[in-house]
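Structural overview for review
Listed below are the residues making up each chain.
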Amino acid sequence: MTKIIKEDISIPILKVNEEIAQELREFFNKRKIFVINIISSPGAGKTTFLEKLLSFFEKNKVFILVGDIETERDAKRIREKGGNSYQIVTGGTCHLEAIMIKKSISLIPENTEYLFIENVGNLVCPASYDLGEHLRIIMLSTPEGDDKLPKYPKAFLTGDVILINKIDLLPYLNFDIKKVEEEAKKIKENIKIFKISALKGDNIKEVAEFIKNKRKEYFKT
Amino acid sequence: MHEYSLANNLIEILREQKKEKKAKKILKVELDFGKLSGAEPFLFEEAFEILKKETEFKETELKINIIEPEIKCLKCGKIFNALSFPFLCPFCENFGGEIIKGDKIFIKSLVIENF
Ligand SMILES: [Zn+2]
């Protein structure tokens, strides 16, 4: 005889991702690898930023994972600058998931202290996926316009740091940087903001110092 | 657009639940769909309807409850509903606040047919 019953459960739809992210964070903590997840729209300048940032780190202590929908171009660019990097081709998926990171961790060299994850260019979907990171950086660039925050609140809400890139273009654009800073503080009071130019190298050193200090704080080394 | 991967996750969880509960069929699944989940309910529904056809859940009915966000003010601690960003506490007029509900998608209930 068949019976029909209703069962109340409460399972997050991202349960598997959350479990793997937790597992990853434990792995990174054990290895003292500080993980930074970088999220932005396409073309905001993540790869140029990473190229510049690398010059402030000891190269053999940094590993970079780059998520891209189908090309290997960005990882190649970073390798040409002497960085250790590996591209995760997502096969059409618009974000990285914890499982994709898990499949790549065997590539991370023994003495790595920093793992940068360059997420797929997209401000919506990546915000929902914990990758086991310790620090989440949201990057926006001045040509995208100064109305990004109210449009993509989730990304900014889940972020720890906002990088406003391409400040060298400010004189040519109608971009109200003060408004963006004020809005960011209203969305998240304690969010850290850096105004940078990845191309010219402005304030990249400050970001590097900030990340190094965060690692020190986190691992108390 | 990650609604397809989310709908795939749902199907995975349904498979797991079906096995665990030794169910014959899952007739219905009910979701609490947070307005701030970052996904679109109508796209999700569309994705699920397409994906389920290839699975044992062809007949599974999907019900989506939209969950309004609840925000806890970091200053006065009161809870309020926010409809737009940034969150403004209506009690003390402080900006900011922590989302305590409505930023995730949960599977809330299943209607199953047992042997
Ligand atoms: Zn308040």
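Here goes a summary of the coordinates provided. (Residues numbered from 1 in each chain as written. Chains lettered and ligands numbered in written order. Predicted model: local features only at pLDDT ≥ 70, side-chain atom pairs only at ≥ 80, totals over all residues. Heavy atoms only, no water.)

So, on to the overall build of chain A. Helix and strand counts for chain A stand at 8 helices and 8 strands. The C-alpha atoms of chain A give 18 Å as radius of gyration, which agrees with the globular expectation for 221 residues (17 Å, within 12%). Viewed in the frame of its principal axes, chain A has a C-alpha envelope of about 75 × 40 × 40 Å. Here chain A holds 221 residues, and the buried ones make up 54% of them. In chain A, the proportion of contacts linking residues at least 24 apart, taken out of those at least 6 apart, comes to 73%. As presented, chain A carries roughly 10100 Å² of accessible surface, and 50% of it is formed by carbon and sulfur atoms. Chain A carries 37 positive and 33 negative side-chain charges, and their two centres are separated by 2 Å. (Helix = DSSP H or I, 4+ residues; strand = E, 2+ residues; numbered from the N terminus. Rg over C-alpha atoms; globule rule 2.2 N^0.38 Å. Buried < 20%, exposed > 50% of the residue type's maximum accessible area, 1.4 Å probe, protein only. Contact = heavy atoms within 4.5 Å. Areas by Shrake-Rupley, 256 points an atom, 1.4 Å probe, with all protein chains shown as cover. Lys, Arg positive; Asp, Glu negative; His and termini not counted. Charge placed at Lys NZ, Arg CZ, Asp CG, Glu CD.)

With that settled, consider the coordination of the zinc ion. Residue and element names in this part refer to chain B. Within the first shell, the zinc ion binds the protein through Cys73 (SG), Cys76 (SG), Cys89 (SG) and Cys92 (SG), at distances of 2.3 Å. If you look at the zinc ion, its 4 donor atoms make angles of 103 to 116 degrees with each other, and the shape they trace is tetrahedral. Between the donor residues of the zinc ion, the gaps in sequence give the motif C-x2-C-x12-C-x2-C. Residue Cys73 is found in the loop between strand S3 (70-72) and strand S4 (79-81), and its partner Cys89 is found in the loop between S4 and strand S5 (98-101); the two are separated by 16 residues along the sequence. (Donors = N, O, S within 2.8 Å, 3.2 Å for Na, K, Ca; no water. Tetrahedral: all angles 85-135°; square planar, octahedral: opposite > 155°, others 65-115°.)

The next thing to look at is the pattern of salt bridges. Applying the stated rule across the entire model yields 26 salt bridges over all chains. Of the charged contacts, one joins Glu49 of chain B and Lys52 of chain B as a salt bridge, the two residues approaching to 3.0 Å between their closest N and O atoms. One end of the pair, Glu49 of chain B, and the other, Lys52 of chain B, are both in helix H2 (residues 41-52), 3 residues apart, so they sit about a helical turn from each other. Shared partners join several salt bridges into a network, and the residues in it are Lys6 of chain A together with Glu30, Lys63 and Lys108 of chain B. (Salt bridge = Lys/Arg side-chain N within 4 Å of Asp/Glu carboxyl O.)

Turning our attention to the sheet that holds S5 of chain B. Residues and elements named next belong to chain B. Pairing is antiparallel in the open sheet, where 3 strands are placed in the order S4-S3-S5. Of all the strands in the sheet, the pair left with one neighbour each is S4 and S5. For this sheet, the mean angle separating the axes of adjacent strands, direction not counted, is 40 degrees. By the bridge criterion, 3 bridges tie S3 to S4 in an arrangement that is antiparallel. In the sheet register, Ile71 faces S4, and the bridge partner there is Phe80. (Pairing = 2+ DSSP bridges. Axes fitted to C-alpha atoms, helices over the stretch in contact; angles between N-to-C directions.)

Another point: the packing of helix H2 (residues 46-54) of chain A against helix H3 (residues 73-80) of chain A. All names here are of chain A. One can describe the packing of H2 onto H3 by two numbers: an axis separation of 10 Å at closest approach and a directional angle of 20 degrees. Judged by the inter-axis angle, H2 sits roughly parallel to H3. Between H2 and H3 the crossing geometry is right-handed. Residue-level inspection shows Thr47, Thr48, Leu50, Glu51 and Leu54 of H2 in contact with H3, the latter providing Asp74, Arg77 and Ile78. Its residues assigned to classes, the contact of H2 with H3 shows 3 nonpolar, 2 polar and 3 charged. (Parallel < 35°, antiparallel > 145°, perpendicular 65-115°, else oblique. Left-handed = near helix turned anticlockwise from the far one by under 90°. Nonpolar A, V, L, I, M, F, W, Y, C, P; charged D, E, K, R; others polar.)

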